[in-house]
Amino acid sequence: MNSEILQKLARYCAYQERCVQELEQKMKTFEVSPTEYAEYLNWLRENNYLNEARFVEIFVRSKFNQKSWGRTKINYELRKRGISASLLASAWDGIDDADYIEKARAILQKKRDEIKSGTSPQRYQKCYNFGLSKGYESSLIRELLKPLFA
């Protein structure tokens, strides 16, 4: 193991939480042999630079609170990063269901207020599509839009 590369990887992880996939991509840029990946990853785990459970928790919280993403979009992004199903299942423990519904209601209401033109069904469809693009479940979006377009 090259100590210079190890130091760079440690700094990379200290700056922001990372997942294994991101570290493997970084190691490619450092031209690390794929046979050495496990060695570096084990060292980073042992020294608490790499913790995927911590990464998932922070990822979910930040995307939900700062970008108002829903479960579908967050789960998709985590699966894309190679996060295991068991970590995905526990990812949402820190987000209260009432907060989740309230966040969805708030972004849909804001979107409805921003749309100035079009018929009521067109505005409804725009809000519905916006909710889907944010990663919220279609049944929840329909339920929340009913009172807004009654």
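For the structure itself, look to the data block above.
Residues numbered from 1 in each chain as written. Predicted model: local features only at pLDDT ≥ 70, side-chain atom pairs only at ≥ 80, totals over all residues. Heavy atoms only, no water.

A. Main features of the overall build of the protein. When helices and strands are tallied, the protein shows nine helices and zero strands. Taken from the N to the C terminus, the helices and strands of the protein come in the order α-α-α-α-α-α-α-α-α. In terms of C-alpha radius of gyration, the protein reaches 20 Å, well past the compact-globule figure of 15 Å for 150 residues. Dimensions along the principal axes, computed over C-alpha positions, put the protein at roughly 65 × 30 × 20 Å. Across the 150 residues that make up the protein, the buried fraction comes to 38%. Counting contacts in the protein only where the partners sit at least 6 residues apart, residues at least 24 apart contribute 60% of the total. (Helix = DSSP H or I, 4+ residues; strand = E, 2+ residues; numbered from the N terminus. Rg over C-alpha atoms; globule rule 2.2 N^0.38 Å. Buried < 20%, exposed > 50% of the residue type's maximum accessible area, 1.4 Å probe, protein only. Contact = heavy atoms within 4.5 Å.)

B. Looking closely at the packing of aromatic side chains. All chains considered together, the criterion is met by seven aromatic pairs. Centre to centre, the rings of W43 and Y49 are 5.8 Å apart; their planes meet at 15°, and the pair counts as stacked. A residue is classified by how much of its surface remains accessible, and Y49, at 27% relative accessible area, is partly exposed. One aromatic cluster is present, formed by F64, W92, Y100 and Y136 through successive ring pairs. The ring of Y12 has R18 lying over it, and the distance from NZ or CZ to the ring centre is 3.7 Å. Above the face of the W92 ring, R71 is positioned so that its terminal group lies 5.0 Å from the ring centre. (Phe/Tyr/Trp six-rings, centres within 6.5 Å; stacked < 30°, edge-to-face > 60°. Lys NZ or Arg CZ within 6 Å of the ring centre and 35° of its normal.)

C. Broad picture of the state of the cysteines. Applying the stated criterion across every chain yields a total of zero disulfides. Unpaired in this structure, C13 has its nearest cysteine sulfur neighbour in C19, at a distance of 9.8 Å. The class of C13 is buried, set by a relative accessible area of 5%. (Disulfide = S-S within 2.5 Å.)

D. The side chain of E22, seen in detail. Among the secondary structure elements, E22 is positioned in helix α2 (residues 20-29). One polar contact links the side chain of E22 to the main-chain amide nitrogen of C19, over a distance of 3.1 Å. Not counting residues up to four positions away in its chain, the partners in contact with E22 are Y12, E17, F55 and R81. (Polar contact = N/O pair within 3.5 Å; in protein donor to acceptor, adjacent residues only side chain to side chain.)

E. The arrangement of the side chain of E52 in detail. Mapping E52 onto the fold places it in helix α4 (residues 52-67). Notably, E52 is buried but unbridged: the nearest opposite-charge side chain belongs to R45, and the N-O separation is 5.3 Å. (Lys, Arg positive; Asp, Glu negative; His and termini not counted. Salt bridge = Lys/Arg side-chain N within 4 Å of Asp/Glu carboxyl O.)

F. A look at the packing of helix α1 (residues 3-15) against helix α3 (residues 37-46). Their axes nearest at 11 Å, the elements α1 and α3 cross at an angle of 50°. What the angle tells us is that α1 and α3 run oblique. Classified by chirality, the crossing of α3 by α1 is right-handed. Where α1 abuts α3, its residues I5, L6, L9, A10 and C13 lie against Y40, W43 and L44. Grouping the amino acids of the contact of α1 with α3 by side-chain chemistry returns eight nonpolar, no polar and no charged. (Axes fitted to C-alpha atoms, helices over the stretch in contact; angles between N-to-C directions. Parallel < 35°, antiparallel > 145°, perpendicular 65-115°, else oblique. Left-handed = near helix turned anticlockwise from the far one by under 90°. Nonpolar A, V, L, I, M, F, W, Y, C, P; charged D, E, K, R; others polar.)

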